[in-house]
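Each chain, letter by letter, is given below.
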Amino acid sequence: MTHDLPLTSCLMISDGRREYTARAIYCFQQQNWPCKELVIIDRGEEDLSPLLEDVPASELRYIRRPQDVSNKDASLKNFGLSHTTGRFVANWKETDWYHPDRLRCQAEILMQGFNACWMSVAILHLDHPEYVHHPYIDFPSGGYAESLMFRKMDKVRYPDNSKYPDSALLSALLSEWGESECKQLDATYDRLIVRSLEGDTKSKNYKKFLSGYRNRIVDMALWAWLRIRGRSKVSHNRFKLSPEARASFQQYLNESHRLGIIKSVS
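Residues numbered from 1 in each chain as written. Predicted model: local features only at pLDDT ≥ 70, side-chain atom pairs only at ≥ 80, totals over all residues. Heavy atoms only, no water.

**Q** For this particular structure, what's the right way to read the sheet that holds strand E5 (residues 96-98)?
**A** Each strand in a sheet pairs with another by means of backbone hydrogen bonds, the pair being arranged parallel or else antiparallel. Reading across from one edge, E5-E11-E7-E8 is the order of the 4 strands in this open sheet, with mixed pairing throughout. Both edges of this open sheet fall to E5 and strand E8 (136-138), since each of them pairs with a single strand only. Sheet twist, expressed as the mean angle between neighbouring strand axes with direction ignored, is 35°. Looking at chain direction, strand E7 (residues 122-127) and E8 are connected through 3 bridges and run antiparallel. Its bridge partner being in E8, Leu 124 is matched across the sheet by Tyr 136. (Pairing = 2+ DSSP bridges. Helix = DSSP H or I, 4+ residues; strand = E, 2+ residues; numbered from the N terminus. Axes fitted to C-alpha atoms, helices over the stretch in contact; angles between N-to-C directions.)

Pasting the structure below:
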């Protein structure tokens, strides 16, 4: 029954990018895990309340902190954490897209007795005419820390003054609990998250995208072989999504285009 399921708090820091915030809120509303709440700490200049009108009041905590002296990510995340009421807490990144199964899949892992879980992979997409229809499966070193879900405990805090608080928290949890209590989900969960990048050919995001699909030795070797053979970059194996991941990406593309985020769709 629904009331027997643990409440899961989705913790999001918003920088006031309205289109992305609207998508993140929509993804929250589409989650098929019924016991959920969205905690938004807004450090942007513009009040986002109009975007939240369709979210039930019982599922929402919206707190504005523009121009706050403690606006660093770790401080804001700990502030937001203090306002969560769920047994589980999930990082909810403003610029990511989430499949409706995301909360359910991770909450079910924690219900097995684990204290934390996160994705080993995510779909990486670049909003650029050359690659807008060609995402690939990204394998960040150590997994995708921004996808972390953990069991709420008083001692769990994002490490202060950390430039990457999600990665720092994940490292701290692994040190505290070990791999027996922290589970990294394998690549079969590849459909659950799409990471959005945008930028022209001179941007850091463009360079990040091009380097990301060859960040492992086996991928670098394949990329070199493709170059020798004069093959297209998108013929690399990392661009070959599973049917589930491909369907998820198409859903992301449609929803993002509808919300005015994806500019390169023809």
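Next comes the rest of the account.
**Q** Looking at this structure, how should I read the sheet that holds strand E1 (residues 8-14)?
**A** Taken in spatial order, the 7 strands of this open sheet run E3-E2-E1-E4-E9-E6-E10, and their pairing is mixed. Looking at the sheet topology across the chains shown, the edges are occupied by strand E3 (60-64) and strand E10 (182-185). Direction aside, neighbouring strands of the sheet carry axes that sit 20° apart on average. Across 4 bridges, the pairing between strand E6 (residues 116-119) and E10 is parallel. Counterpart to Cys 117 in the pairing with E10 is Lys 183.

**Q** Help me out: how do you make sense of the pattern of salt bridges in this one?
**A** Any two side chains of opposite charge can pair if their charged atoms end up close together. Applying the stated criterion across every chain yields a total of 15 salt bridges. Across the pair Asp 15 and Arg 43 runs a salt bridge, and its minimum N-O distance is 2.4 Å. With a gap of 28 residues between them, Asp 15 in the loop between E1 and helix H1 (18-30) and Arg 43 in the loop between strand E2 (36-42) and E3 connect regions that are remote in the sequence. A salt bridge links Asp 219 to Arg 238, with the nearest nitrogen and oxygen atoms 2.4 Å apart. Remark: Arg 238 occurs in the loop between helix H6 (217-229) and helix H7 (243-258) and Asp 219 occurs in helix H6; sequence separation between them is 19 residues. Classification of Arg 238 as buried rests on a relative accessible area of 4%. Residues joined in a network through salt bridges with shared partners are Asp 138, Arg 195, Arg 216, Asp 219 and Arg 238. (Salt bridge = Lys/Arg side-chain N within 4 Å of Asp/Glu carboxyl O. Buried < 20%, exposed > 50% of the residue type's maximum accessible area, 1.4 Å probe, protein only.)

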